[in-house]
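Structural description and commentary
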Amino acid sequence: MKKLIAEFKLDQQGVKQLKDTFAKKEHYDTVIDSDCKVYNELGEPVLFFVKNYIQPEVLEKAFVSMESAAAPTDNRGSASGG
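Residues numbered from 1 in each chain as written. Predicted model: local features only at pLDDT ≥ 70, side-chain atom pairs only at ≥ 80, totals over all residues. Heavy atoms only, no water.

A short note on the overall build of the chain
- For the chain, the count of helices and strands is 2 helices and 3 strands.
- Along the chain, helices (α) and strands (β) appear in the sequence β-α-β-β-α when read from the amino end.
- Split into buried and exposed, the 82 residues of the chain put 6% on the buried side.
- In the chain, the proportion of contacts linking residues at least 24 apart, taken out of those at least 6 apart, comes to 54%.
- Total accessible area computed for the chain in this model is approximately 7600 Å², and 55% of it derives from carbon and sulfur atoms. (Helix = DSSP H or I, 4+ residues; strand = E, 2+ residues; numbered from the N terminus. Buried < 20%, exposed > 50% of the residue type's maximum accessible area, 1.4 Å probe, protein only. Contact = heavy atoms within 4.5 Å. Areas by Shrake-Rupley, 256 points an atom, 1.4 Å probe, with all protein chains shown as cover.)

Quick look at the structure:
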């Protein structure tokens, strides 16, 4: 499994400035699309990505459940400026 060390790119102030925004291409350097372990510069785990870890049957059941629960809303959420 691939291992990446993610460098800190922003301080706390920089992170606060991104609140209520969506990530754009300039916000990241790497796209993870295969099995990968990501650690920060201190060696602490940030995320583990395992492609196709969830079985398709489970995904289908979850999709059906969420689809029936979906309803129109005017609550756009903070990332969309709402």
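Focus on the environment of lysine 37
- Residue position: lysine 37 is located in strand S2 (residues 36-40).
- Classification of lysine 37 by relative accessible area gives partly exposed; the value is 32%.
- With residues up to four places along the chain from it excluded, the contact list for lysine 37 reads Met1, Lys2, Lys3, Leu4, Leu47 and Phe48.

Considering a nonpolar patch on the surface
- A cluster of nonpolar side chains, Met1, Val50, Tyr53, Ile54, Val58 and Leu59, forms an exposed patch at the surface whose accessible area comes to about 620 Å².
- Relative to the assigned elements, valine 58 resides in helix H2 (residues 56-69). (Patch = residues over 30% accessible without salt bridge, like charges linked within 9 Å, V, L, I, M, F, W, Y side chains within 5 Å. Salt bridge = Lys/Arg side-chain N within 4 Å of Asp/Glu carboxyl O.)

Some remarks on the side chain of asparagine 40
- Of note, asparagine 40 is situated in strand S2.
- A polar atom in the side chain of asparagine 40 sits 2.9 Å from the backbone nitrogen of leucine 42.
- A polar atom in the side chain of asparagine 40 sits 2.8 Å from the side chain of glutamate 44.
- Not counting residues up to four positions away in its chain, the partners in contact with asparagine 40 are Ile5, Ala6, Phe8 and Val46. (Polar contact = N/O pair within 3.5 Å; in protein donor to acceptor, adjacent residues only side chain to side chain.)

Nothing here speaks to function; it is geometry throughout.
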